[in-house]
Amino acid sequence: MARARNVLPQVLLGLVLVALVVSGIRPYDRLTWLLETVWVIVGVPVLLLTWRRFPLTTLLCGLLALHALILVVGGHWTYARTPLGNWVRDLFDLSRNPYDRLGHFAQGFVPAILVREILVRRSPLRGSRWLAPLVVCACLAFSAFFELIEWWAALAGGAAADDFLATQGDVWDTQWDMFLALVGAITSLVLLGRWHDRQVAALPPAG
């Protein structure tokens, strides 16, 4: 178990870095690629710099790696053009590529465990009935902030930001994005909360 805790984060880091480099080779739109992957480009160094003092659970490492892969795939093809999303659209006869819906669900599902881990290990909220509501509120706040970033990008870039916005003509796209992040956060806490507690309990105290 201890060996898995030591090896798995390194394997996941290598996978994410390779995927990031590959996604940066001739993406559909270079600016869109940068805007979508900047969270990975910034997040990896932050994790490396804080790892010695605050190593993460393997559950959170796996979720962060999965989220990073979702971002780099969307950055390479743009969310409206990913082959996986096109396949799902055609399979279920949908009116649009649903990959960005997956991305915004993950925007709640993964940060919920990240915020939960920080609060459980660095605040008095461990075991508190306020923990889950505050985690959900934090995820919804981040989702709303991301929508503001998209708005600012649209103001600054005009039509050039269309690939980043990925609204695909849906006037309710912003509301759908925040709603899916909310559903993702709640789903994550319900499905993974107990598993996360066991992993946090097995970690050494944060330094």
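Residues numbered from 1 in each chain as written. Predicted model: local features only at pLDDT ≥ 70, side-chain atom pairs only at ≥ 80, totals over all residues. Heavy atoms only, no water.

**What to know about the overall build of the chain**
Okay, so step 1: Scanning the chain from N- to C-terminus turns up eight helices and zero strands.
Okay, so step 2: Along the chain, helices (α) and strands (β) appear in the sequence α-α-α-α-α-α-α-α when read from the amino end.
Okay, so step 3: Taking as baseline every contact in the chain between residues at least 6 positions apart, the subset at least 24 positions apart corresponds to 74%.
Okay, so step 4: Roughly 11600 Å² of accessible area belongs to the chain as shown, and the carbon and sulfur atoms make up 70% of that amount. (Helix = DSSP H or I, 4+ residues; strand = E, 2+ residues; numbered from the N terminus. Contact = heavy atoms within 4.5 Å. Areas by Shrake-Rupley, 256 points an atom, 1.4 Å probe, with all protein chains shown as cover.)

**Considering a nonpolar patch on the surface**
Okay, so step 1: A contiguous nonpolar surface patch, about 1100 Å² in accessible area, is contributed by Leu-31, Leu-34, Val-38, Trp-39, Ile-41, Val-42, Val-46, Phe-145, Leu-148, Trp-151, Trp-152 and Leu-155.
Okay, so step 2: Contributions of two or more residues to the nonpolar patch are made by α2 (30-50) and α6 (131-157).
Okay, so step 3: Residue contributions to the nonpolar patch peak at seven residues, all from α2.
Okay, so step 4: Structurally, Phe-145 is set in helix α6. (Patch = residues over 30% accessible without salt bridge, like charges linked within 9 Å, V, L, I, M, F, W, Y side chains within 5 Å. Salt bridge = Lys/Arg side-chain N within 4 Å of Asp/Glu carboxyl O.)

**What about the side chain of Ser-143?**
Okay, so step 1: Looking at where Ser-143 falls in the secondary structure, it is placed in helix α6.
Okay, so step 2: Polar side-chain contacts of Ser-143 include one of 3.3 Å to the side chain of Gln-107.
Okay, so step 3: Other than its neighbours up to four places away in sequence, Ser-143 contacts Gln-107, Asp-177, Met-178 and Ala-181. (Polar contact = N/O pair within 3.5 Å; in protein donor to acceptor, adjacent residues only side chain to side chain.)

**Digging into the packing of helix α3 (residues 58-77) against helix α8 (residues 173-202)**
Okay, so step 1: Between α3 and α8, the shortest axis-to-axis distance is 8 Å and the interhelical angle comes to 125°. The angle between the axes of α3 and α8 places the two elements in the oblique class. Residues Thr-58, Leu-59 and Leu-63 of α3 lie in contact with α8, whose contacting residues are Leu-192, Trp-195, His-196 and Gln-199.
Okay, so step 2: Class assignment of the residues belonging to the contact of α3 with α8 gives a composition of four nonpolar, three polar and no charged. (Axes fitted to C-alpha atoms, helices over the stretch in contact; angles between N-to-C directions. Parallel < 35°, antiparallel > 145°, perpendicular 65-115°, else oblique. Nonpolar A, V, L, I, M, F, W, Y, C, P; charged D, E, K, R; others polar.)

**Thoughts on the state of the cysteines**
Okay, so step 1: One pass over the full model with this rule turns up zero disulfides.
Okay, so step 2: No disulfide involves Cys-137; its sulfur sits 9.4 Å from the nearest other cysteine sulfur, which is in Cys-139. (Disulfide = S-S within 2.5 Å.)

**Things to note about the side chain of Ser-188**
Okay, so step 1: Relative to the helices and strands, Ser-188 is located in helix α8.
Okay, so step 2: With near-sequence residues (within four places) excluded, Ser-188 lies in contact with Phe-109, Ala-112, Ile-113 and Gly-193.

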